[in-house]
Amino acid sequence: MMEHGAIGENHFLADVKRLRVSAQAMMACSAEPVGLLQAAMSAEIACVLRYSLIAVSADGLENEWVATECAAQAADERNHMVRLADRITELGGKPDYFAPGLALRHIAPEASKGCLPRLFAENLAAEQCVIELYRELSAHFADDPKTRAILDEILADEETHTSDMEDLLNTQLI
Ligand SMILES: [Fe+2]
Ligand SMILES: [Fe+2]
């Protein structure tokens, strides 16, 4: 039985994993590039929501360092989302910002009270999954240098996010 306010399933990781699996399926059948970039963009939307909501959660409001770090990370993720949306548009697609199924279930701010270690551990797992997604996409777009450069730049940011999250996790647990 879960304690009051606890977070059970890691929806954030589940959504990111699902998007990675769908991208893998698209790569396996040589789907249009736009669909692949949309999967990555949907993962970015999940990340924007996740970090933005933690920044304004009860714990975020009580811990300035948490709010600052999560707000900065949300800004990075938003930048990734915009870069992917721009590339989708350049390739003749239409970015979908609705990302069905993602909205508002990654964390309810009031539910995060006292759960920072768990939230950071969940974030770390999701960031690691995002890194794998970008590595796979980068390899897939080997013949499209412009798209690949965007993916590789985002990948470098995600690797920084992972080490930032490890630092936050260690800091919180000490
Ligand atoms: Fe990102
Ligand atoms: Fe990230």
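About the thresholds
- Residues numbered from 1 in each chain as written.
- Chains lettered and ligands numbered in written order.
- Predicted model: local features only at pLDDT ≥ 70, side-chain atom pairs only at ≥ 80, totals over all residues.
- Helix = DSSP H or I, 4+ residues; strand = E, 2+ residues; numbered from the N terminus.
- Buried ≥ 20, exposed ≤ 12 C-beta atoms within 10 Å, placed from the backbone.
- Core = buried A, V, L, I, M, F, W, Y, C linked by C-beta atoms within 7 Å.
- Contact = placed C-beta atoms within 7 Å.
- Axes fitted to C-alpha atoms, helices over the stretch in contact; angles between N-to-C directions.
- Parallel < 35°, antiparallel > 145°, perpendicular 65-115°, else oblique.
- Nonpolar A, V, L, I, M, F, W, Y, C, P; charged D, E, K, R; others polar.

(A) Local environment of the environment of Ala71. Secondary-structure assignment places Ala71 in helix H4 (residues 64-90). On the neighbour-count criterion, Ala71 (15 C-beta atoms within 10 Å) is partly exposed. Taking the C-alpha atoms as reference points, Ala71 and Ala55, separated by 16 residues in sequence, lie 5.7 Å from one another.

(B) Focus on the nonpolar core. With 44 residues, the main nonpolar core has Val16, Ala40, Met41, Ala43, Leu133 and Leu137 as its most contacted residues. The set of elements that each furnish at least two residues to this core consists of helix H1 (11-28), helix H2 (33-55), H4, helix H5 (116-140) and helix H6 (145-173). The leading source of residues in this core is H2, at 15 residues. When near neighbours in sequence (up to four residues on either side) are disregarded, Val16 contacts Ala43, Ala46, Ala126, Cys129 and Val130.

(C) Broad picture of the packing of H1 against H2. Running from N to C, H1 and H2 point in directions that differ by 170°, and their axes come no closer than 9 Å. In terms of orientation, H1 and H2 fall into the roughly antiparallel class. Taken together, the residues of H2 that come into contact with H1 (itself represented by Phe12, Asp15, Val16, Leu19, Ser22, Ala23, Met26 and Met27) are Gly35, Leu36, Ala39, Ser42, Ala43, Ala46 and Arg50. The residue makeup of the contact of H1 with H2, split by class, is 10 nonpolar, three polar and two charged.

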